[in-house]
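Topology and contacts: notes
If you want the building blocks of each chain, they are given just below.
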Amino acid sequence: MAPPSLVDPSKLETRLFINNEFVSAKSGKTFPSVNPATEEVICFVEEADKTDVDEAVAAAVNAFELGSPWRSMDGTARRDLMLKFAELVERDRDFLEELESMDNGKPIGRLGMYGSSVDIDLLLKYYRYFAGWADKISGQTIPVEGNIFCYTRKEPLGACGVIVPWNYPLLMIAWSVAPALATGNTVVIKTSEKTPLTALHMAKLVKEAGFPPGVVNILSGYGPTAGEALTRHPDIEKVGFTGSTLTGHKIMQSAAESNMKKVTLELGGKSPMIIFDDADVETAVSAAHVGLFLNQGQCCCAGSRLFVQEGIYDKFVKAAVEKVKSIKIGAYTEDKSQDEGIEQGPQVDSLQFNKVLSYIEKGKEQGATVACGGGRLGDKGYFVQPTVFTDVEDDMVIAKEEIFGPVMSILKFKTDEEVIERANRTMYGLGAGICSTNGARAISAAHQIRAGTVWINMYDNFDAAAPFGGYKRSGIGRTKGEDSLECWLQTKCVMMPLQGPSC
């Protein structure tokens, strides 16, 4: 029997978080947050617009002023605040896991399955990893011509905007906010209107941890109103965005047309997964399964173009289909006891649900073969049958466009040279996968593929120390790892003549 719910919707925080206080939206507008497993409204959330964005930005700018508690704080103190925040998240993790699953639809994550519990584990690692960097950021002393002392400083940018998606609500906040805070910036976070609730509980923990007012501000709202106001704001020095390539183009335009603010963009993908004929089939099926069906297929780097060499194509397809047929589907409420193991929940909302179903129909219309699945599951909730298409060709819509759902497309190839060319024939370059028992062959292929991350004999491993980001139209800059720190810093060079003889 599942334990009682920890979440009482009537007691959830729904206001905006500005300057360490919860405040109502100036317009008085609200929007519904919907449970995708039941299609029922959880609660109504305050909707931010430009006026609220202006107030939040002013708070972030003020918190970054010279002499402010945050600007004056050394790295060790920032480190300790971040570690305290992580400690509070760990204290409240059961509540956050359930709320994230209620709002987003993903399972909790039991018996080794993916779910909100995995997101919280990763989130804790990210904040603690970047807390460790807070007191280790330094410049260089540079030998230059003449009797001159030259050194560099790594300095924060200032007030920054962070716009996060709905597929990993808390985790994507961590990917941007952890390095932003470690490097000394202040932030205004705009969450997705589809999944605003866990961030508002996180706001309580920000204040409890002791962050000064204005350092972290959280707004719930829509892209065309709150999002655009944030990206165009003249006092925002940088925007970190995770989401679609289409929206990424708009953010770059807004940044250029306002104050030439910096941007970090982690955008869409249509990632190739290559299964060579010498691959261990069990390993390959497992990697491809995780690469596509993780998080209901709602993953920017999903291995959604699955290339299988002709020598093992039939064997692989049979094993892959059998594994997909074993997926246990259900609401997060069925995943709360230790003896359950839900692997797939609903899509996040009706818009995404209908979009995925429309792609499935396009696949059928264009001649791909449905090996399993192929439609809606049940009549309540946004559940889609996990679907496998075979006989997929490169020019089919399902092989070219990002579906963002549980739809596996399997393509056949003959030679190594052919599959590398086909894998690179896309505007995206976020992730890729390779399965082979020949290490030299796998590494050679990894080096030829134009993608920011390549997994070999595995997929979707996300370590805090490993950088992540895209080639081509899949993004600019990196999240996670030491590389991401530079996206939140600027370099100042200081030079001064010295007295006495050069030595």
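A short tour of the structure in this document, coming up.

Thresholds applied
- Residues numbered from 1 in each chain as written.
- Predicted model: local features only at pLDDT ≥ 70, side-chain atom pairs only at ≥ 80, totals over all residues.
- Heavy atoms only, no water.
- 1 Å grid on protein atoms, 1.4 Å probe; cavity = no way out; pocket = protein on both sides within 12 Å on 5 of 7 lines; lining within 4 Å.
- Points joined across faces, edges and corners; volume = space filled by probe spheres on them.
- Helix = DSSP H or I, 4+ residues; strand = E, 2+ residues; numbered from the N terminus.
- Nonpolar A, V, L, I, M, F, W, Y, C, P; charged D, E, K, R; others polar.
- Core = buried A, V, L, I, M, F, W, Y, C linked by side-chain atoms within 4.5 Å.
- Buried < 20%, exposed > 50% of the residue type's maximum accessible area, 1.4 Å probe, protein only.
- Pairing = 2+ DSSP bridges.
- Right-handed = clockwise from strand over helix to strand, strands pointing away.
- Polar contact = N/O pair within 3.5 Å; in protein donor to acceptor, adjacent residues only side chain to side chain.
- Contact = heavy atoms within 4.5 Å.
- Axes fitted to C-alpha atoms, helices over the stretch in contact; angles between N-to-C directions.
- Phe/Tyr/Trp six-rings, centres within 6.5 Å; stacked < 30°, edge-to-face > 60°.
- Lys NZ or Arg CZ within 6 Å of the ring centre and 35° of its normal.

It is worth spelling out the layout of surface pockets at this point. For the largest pocket, the calculated volume is near 1,300 Å³. Along its surface, the largest pocket is lined by 46 residues, and Trp166, Glu193, Lys194, Ser244 and Thr247 are the ones closest to its centre. Where the lining of the largest pocket is concerned, the elements lending two or more residues are β3 (30-35), α8 (223-231), β9 (238-242), α9 (245-257) and α12 (350-365). For the lining of the largest pocket, the residue count by class is 20 nonpolar, 16 polar and ten charged. Computed from the structure, the second largest pocket encloses a volume of approximately 500 Å³.

Attention now moves to the nonpolar core. Membership of the largest hydrophobic core comes to 106 residues, with the highest contact counts inside it found for Tyr127, Ile189, Phe211, Ile275 and Phe316. Of the residues forming this core, the biggest block, eleven residues, is contributed by helix α6 (residues 169-182). If you look at the next biggest cluster of nonpolar residues, it comprises 31 residues, including Ile398, Leu411, Phe413 and Val419.

A word on the pairing of strand β11 (residues 272-275). Here β11 shows a buried face lined by Pro272 and Ile274 and a second buried face lined by Met273 and Ile275. Bridge count for β11 against strand β12 (residues 305-309) is four bridges, and the pairing is parallel. By the bridge assignment for β12, Pro272 is matched with Arg305. For the crossover from β11 across helix α10 (residues 281-293) to β12, the handedness is right-handed. Summarising the sheet, β11 and strand β16 (residues 431-435) pair through three bridges and their orientation is parallel. Paired with Ile275 across the strands is Cys435, a residue of β16.

This part is about the side chain of Asp103. Mapped onto the elements of the fold, Asp103 is located in helix α4 (residues 93-104). Polar contacts involving the side chain of Asp103 include one to the main-chain amide nitrogen of Leu197, which spans 3.2 Å. Those residues within four positions of Asp103 in sequence are excluded, and the remaining contacts are Ser33, Val34, Pro36, Ile42, Lys194, Thr195, Pro196 and Leu197.

Right, let's get into the environment of Lys106. Along the polypeptide, Lys106 turns up in the loop between α4 and α5 (116-133). By relative accessible area, which is 0% here, Lys106 ends up buried. The sequence separation of Lys106 and Asn167 amounts to 61 residues, and the corresponding C-alpha distance is 8.9 Å. Leaving out residues up to four positions away in the same chain, Lys106 has contacts with Ser101, Tyr114, Gly115, Ser116, Asp119, Asn167, Tyr168, Asn295, Gln296 and Tyr332. A distance of 2.7 Å separates polar atoms of two side chains, one belonging to Lys106 and the other to Tyr114. Engagement of the side chain of Lys106 in a polar contact is seen with the backbone oxygen of Asn167, the distance being 3.0 Å.

Once that is clear, we can look at the sheet that holds strand β13 (residues 369-372). In a beta sheet, neighbouring strands are held together by backbone hydrogen bonds and run either parallel or antiparallel to one another. Strand order in the open sheet formed by seven strands is β13-β14-β15-β12-β11-β16-β17, with mixed pairing between adjacent strands. Two strands bound the open sheet, and with one partner strand each, they are β13 and β17 (453-456). Direction aside, the axes of adjacent strands within the sheet are offset by 25 degrees on average. Running over the sheet, α12 touches β13, β14 (387-390) and β15 (407-413) and is turned about 25 degrees from β14.

Below, the discussion takes up empty space enclosed by the protein. Within this structure, the stated rule accounts for four cavities of 30 Å³ or more. Estimates place the volume of the largest cavity at around 80 Å³. Residue composition of the lining of the largest cavity, by class: seven nonpolar, four polar and one charged.

All right, on to the packing of aromatic side chains then. For the structure on display, the rule yields 16 aromatic pairs. With 6.2 Å between their ring centres and 70 degrees between their planes, Tyr114 and Tyr168 make a pair best called edge-to-face. In this pair, Tyr114 is assigned in the loop between α4 and α5 and Tyr168 in the loop between β6 (159-163) and α6, connecting sequence segments 54 residues apart. Exposure remark for Tyr114: the relative accessible area of 13% places this residue in the buried category. Exposure remark for Tyr168: the relative accessible area of 7% places this residue in the buried category. A centroid spacing of 5.9 Å and a plane angle of 85 degrees characterise the contact between Phe276 and Phe413, whose relative ring orientation is edge-to-face. Here the residue Phe276 occupies a position in the loop between β11 and α10, and Phe413 occupies one in strand β15, the gap between them amounting to 137 residues. For the residue pair Phe276 and Phe413, the accessibility class agrees, reading buried in each case. Following the ring pairs from residue to residue traces out a cluster consisting of Tyr126, Trp175, Trp455, Tyr459, Phe462 and Phe468. Of note, Arg71 hangs over the ring of Phe64, and the distance from its end group to the ring centre comes to 4.1 Å. It is Lys238 that lies over the ring of Trp488; its NZ or CZ is 3.8 Å from the centre.

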